[in-house]
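Close look at the chain arrangement
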Amino acid sequence: DVLHRPGVYGRAIGANETGDVLAVGTSRNDIVCFDRREGTLKTLVVTQGHSANVSGLAMDMASPSFATCADDKTLRLWCLRRGSLLGISQLPTAGRACAISPHGDAIVVGLSSGGLQVHDADTLRVTYENPKLAKESISDLKFSPDGQTLACASHDNMIYLLDTDGWRQYAVLSGHSSYVSHVDW
């Protein structure tokens, strides 16, 4: 069983809007999905995917899919129902965090270099790139509920706010004495 192997722990987690489906990316490159939508708990293990730690995982609230990014420098899109790979995109550095827009049309990846990439959710092509948004690694990404703002937490102790219409940075929130590991609305 994947979750009971020595040295295996969750590195990234995501849930659907109702909380009936939970996906966990592990330190051993696996993705484990738990589904209780039909009244019983079903477990699906995806093991043929990433070749390094899964650091980012985001559920698509608009469709039955989810995205992952990892130290293997890939972004991957998965079918939640089958656990099958829908698409893959190479990243310039390790992926540390990912988020899917509320409408499901964009996947954003935060990079170990402090960079940010926006991918079209259907084709996984890069539609916007900022190679150096932050001075250090991006640790978490969250869209505002209306999808108009993206918050980017970073290991440089800052939170960067971007307007998603053009991806313009409009604010930097400072004051943390250590890196910002998570952010939420």
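Look above for the structure.
What counts as what
- Residues numbered from 1 in each chain as written.
- Predicted model: local features only at pLDDT ≥ 70, side-chain atom pairs only at ≥ 80, totals over all residues.
- Heavy atoms only, no water.
- Pairing = 2+ DSSP bridges.
- Helix = DSSP H or I, 4+ residues; strand = E, 2+ residues; numbered from the N terminus.
- Axes fitted to C-alpha atoms, helices over the stretch in contact; angles between N-to-C directions.
- Salt bridge = Lys/Arg side-chain N within 4 Å of Asp/Glu carboxyl O.
- Buried < 20%, exposed > 50% of the residue type's maximum accessible area, 1.4 Å probe, protein only.
- 1 Å grid on protein atoms, 1.4 Å probe; cavity = no way out; pocket = protein on both sides within 12 Å on 5 of 7 lines; lining within 4 Å.
- Points joined across faces, edges and corners; volume = space filled by probe spheres on them.
- Nonpolar A, V, L, I, M, F, W, Y, C, P; charged D, E, K, R; others polar.
- Contact = heavy atoms within 4.5 Å.
- Core = buried A, V, L, I, M, F, W, Y, C linked by side-chain atoms within 4.5 Å.

In sheet architecture, strand pairing relies on hydrogen bonds along the backbone and comes in two forms, parallel and antiparallel. Spatial strand order, 9-10-11-12: four strands in an open sheet with antiparallel pairing. Each of the sheet's edge strands pairs with one partner strand only, and the pair in question is strand 9 (95–100) and strand 12 (126–130). Across the sheet, the mean angle from the axis of one strand to that of its neighbour is 15°, orientation sign disregarded. Bridging between strand 9 and strand 10 (residues 106–111) involves five bridges; their strand directions are antiparallel.

The next thing to look at is the pattern of salt bridges. Taken as a whole, this structure holds three salt bridges when the rule is applied. The salt bridge partner of Arg 96 is Asp 71, with a shortest N-O separation of 2.2 Å. Residue Arg 96 is located in strand 9, and its partner Asp 71 is located in the loop between strand 6 (65–70) and strand 7 (74–79); the two are separated by 25 residues in the primary sequence. According to the relative accessible area criterion, Asp 71 is partly exposed, its value standing at 26%. Here Lys 142 makes a salt bridge to Asp 140, at a shortest N to O gap of 3.0 Å. Exposure remark for Lys 142: the relative accessible area of 28% places this residue in the partly exposed category.

The next thing to look at is the layout of surface pockets. The computed volume of the largest pocket comes to approximately 890 Å³. Lining the largest pocket are 33 residues, with Ile 13, Leu 57, Asp 140, Leu 141 and Lys 142 positioned closest to its centre. At the level of secondary structure, the elements contributing two or more residues to the lining of the largest pocket comprise strand 1 (10–15), strand 5 (54–59), strand 9 and strand 13 (138–143). A per-class count over the lining of the largest pocket returns 17 nonpolar, ten polar and six charged.

Here we take up the environment of Leu 85. Along the polypeptide, Leu 85 turns up in strand 8 (residues 85–90). Classification of Leu 85 by relative accessible area gives partly exposed; the value is 39%. Placed 19 residues apart in sequence, Leu 85 and Phe 66 show a C-alpha to C-alpha distance of 9.9 Å. Those residues in contact with Leu 85 that sit more than four places away from it in its chain are Arg 76, Leu 77 and Trp 78.

Side chains of nonpolar character tend, in soluble globular proteins, to be buried together. Judged by nonpolar contacts, the single largest core of 16 residues is most densely connected at Val 108, Leu 116, Leu 141, Leu 150, Cys 152 and Leu 162. At the level of secondary structure, the elements contributing two or more residues to this core comprise strand 9, strand 10, strand 11 (116–120), strand 13, strand 14 (149–154) and strand 15 (159–163). For this core, the element with the highest residue contribution is strand 13, accounting for three residues. For Leu 162, the residues in contact, after removing those within four places along its chain, are Leu 116, Leu 133, Gln 148, Thr 149, Leu 150, Cys 152, Trp 167, Arg 168, Gln 169 and Tyr 170.

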